[in-house]
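Listed below, chain by chain, are the residues.
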Amino acid sequence: MNKKNKYLKFAFALFIMIFSGVTVSFANESNYEQDINLLNSLSVTDIELESFNADDVVTRTVFADAVASMMQSDFDDYVGTTVGDLSARDKGIMYLSSNGIMSGYGNDEFLPQKNISLQEATTVLLSAMGYSATAQVMGGFPSGYMALANDVDMLDGVKANAE
């Protein structure tokens, strides 16, 4: 696994641990402050510790922005084309969609303010790391992506239960 993929996998684990619509726990309890500072230092997020709430959930647009910023160093300058329910503030979804990494729900509907699910986040990260073809062979979304995530140890130590 190359360096970029390691960062994506690491950031995914931290991101899912800190934000999600599911309960996620790791074998060892985490210090959110340390994790947030690490994500901020990697320019994955710009979370203010004072306003952080571990019970907050992540929208599709927030997650897409984080992944896109990891993939493209000059992502802040990216200008995408708005389609369907996307606006200029959804440029992470536009970027990932234009690169075949994130899909909508059909009819140009991306639901940018919808909370991202563990399956969707896993799919985006595996696609960003170049595993889409393998995941499709294994069954596609969501079962193939989740099986592949387990095979590459992406979800090791992650326990997720819908709330």
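Refer to the structure printed above.
Read on for a plain summary of the structure. (Residues numbered from 1 in each chain as written. Predicted model: local features only at pLDDT ≥ 70, side-chain atom pairs only at ≥ 80, totals over all residues. Heavy atoms only, no water.)

A word on the packing of helix α5 (residues 118–128) against helix α7 (residues 143–151)
Thinking step 1. Taken N-terminus to C-terminus, the directions of α5 and α7 make an angle of 65 degrees; their axes are 9 Å apart at the nearest point. With respect to α7, the element α5 is oriented roughly perpendicular. Seen from above, α5 lies across α7 with left-handed handedness. Residue-level inspection shows Leu118, Gln119, Thr122, Thr123, Leu126 and Ser127 of α5 in contact with α7, the latter providing Tyr145, Met146, Leu148 and Ala149.
Thinking step 2. When the residues that make up the contact of α5 with α7 are grouped by side-chain class, the tally is 6 nonpolar, 4 polar and no charged. (Axes fitted to C-alpha atoms, helices over the stretch in contact; angles between N-to-C directions. Helix = DSSP H or I, 4+ residues; strand = E, 2+ residues; numbered from the N terminus. Parallel < 35°, antiparallel > 145°, perpendicular 65-115°, else oblique. Left-handed = near helix turned anticlockwise from the far one by under 90°. Contact = heavy atoms within 4.5 Å. Nonpolar A, V, L, I, M, F, W, Y, C, P; charged D, E, K, R; others polar.)

Remarks on the nonpolar core
Thinking step 1. Ranked by internal contacts, the top residues of the largest apolar core, which has 31 residues, are Phe63, Val67 and Leu96.
Thinking step 2. Looking at this core, the elements with two or more residues in it are α3 (60–71), α4 (91–98), α5 and α7.
Thinking step 3. With 6 residues, α5 is the largest single contributor of residues to this core. (Core = buried A, V, L, I, M, F, W, Y, C linked by side-chain atoms within 4.5 Å. Buried < 20%, exposed > 50% of the residue type's maximum accessible area, 1.4 Å probe, protein only.)

What to know about the environment of Arg60
Thinking step 1. Tracing the backbone shows Arg60 in helix α3.
Thinking step 2. On the basis of relative accessible area, Arg60 is assigned to the buried category, the value being 2%.
Thinking step 3. When the C-alpha positions of Arg60 and Phe110 are compared, they lie 8.4 Å apart, and in sequence the two are 50 residues distant.
Thinking step 4. When sequence neighbours within four positions are dropped, the list of residues in contact with Arg60 reads Ile93, Met102, Ser103, Gly104, Tyr105, Phe110, Leu111, Pro112, Lys114, Ile116 and Glu120.
Thinking step 5. In this structure the side chain of Arg60 is engaged in a polar contact, spanning 2.8 Å, whose partner is the backbone oxygen of Ser103. (Polar contact = N/O pair within 3.5 Å; in protein donor to acceptor, adjacent residues only side chain to side chain.)

A closer look at helix α2 (residues 32–41)
Thinking step 1. Among the residues of α2, Asp35, Ile36 and Leu39 are the ones counted as buried. Buried residues of α2, viewed axially, fall in a sector of 95 degrees; they line one side. Facing away from the buried side of α2 by over 90 degrees, the exposed positions are Gln34 and Ser41.
Thinking step 2. Ser43 sits one or two positions beyond α2 and adopts a positive phi of about 60 degrees. (Arc of directions from axis to C-beta.)

With respect to the environment of Met102
Thinking step 1. Checked against the element boundaries, Met102 lands in the loop between α4 and α5.
Thinking step 2. Taking the relative accessible area as the measure of exposure, Met102 reaches 4% and is therefore buried.
Thinking step 3. Sequence separation between Met102 and Ala121 is 19 residues, and the spatial gap between their C-alpha atoms is 9.3 Å.
Thinking step 4. Excluding residues within four positions of it along the chain, Met102 makes contact with Arg60, Ala64, Ile93, Leu96, Ser97, Phe110, Ile116 and Val124.

Some points on the packing of α3 against α5
Thinking step 1. Between α3 and α5, whose axes approach to 11 Å, the crossing angle comes to 15 degrees. One finds that α3 runs roughly parallel with respect to α5. The hand of the α3/α5 crossing is right-handed. Listed contacts from α5 to Arg60, Phe63, Val67 and Met71 of α3 are Glu120, Ala121, Val124, Leu125 and Ala128.
Thinking step 2. Of the residues contributing to the contact of α3 with α5, the split by class is 7 nonpolar, no polar and 2 charged.

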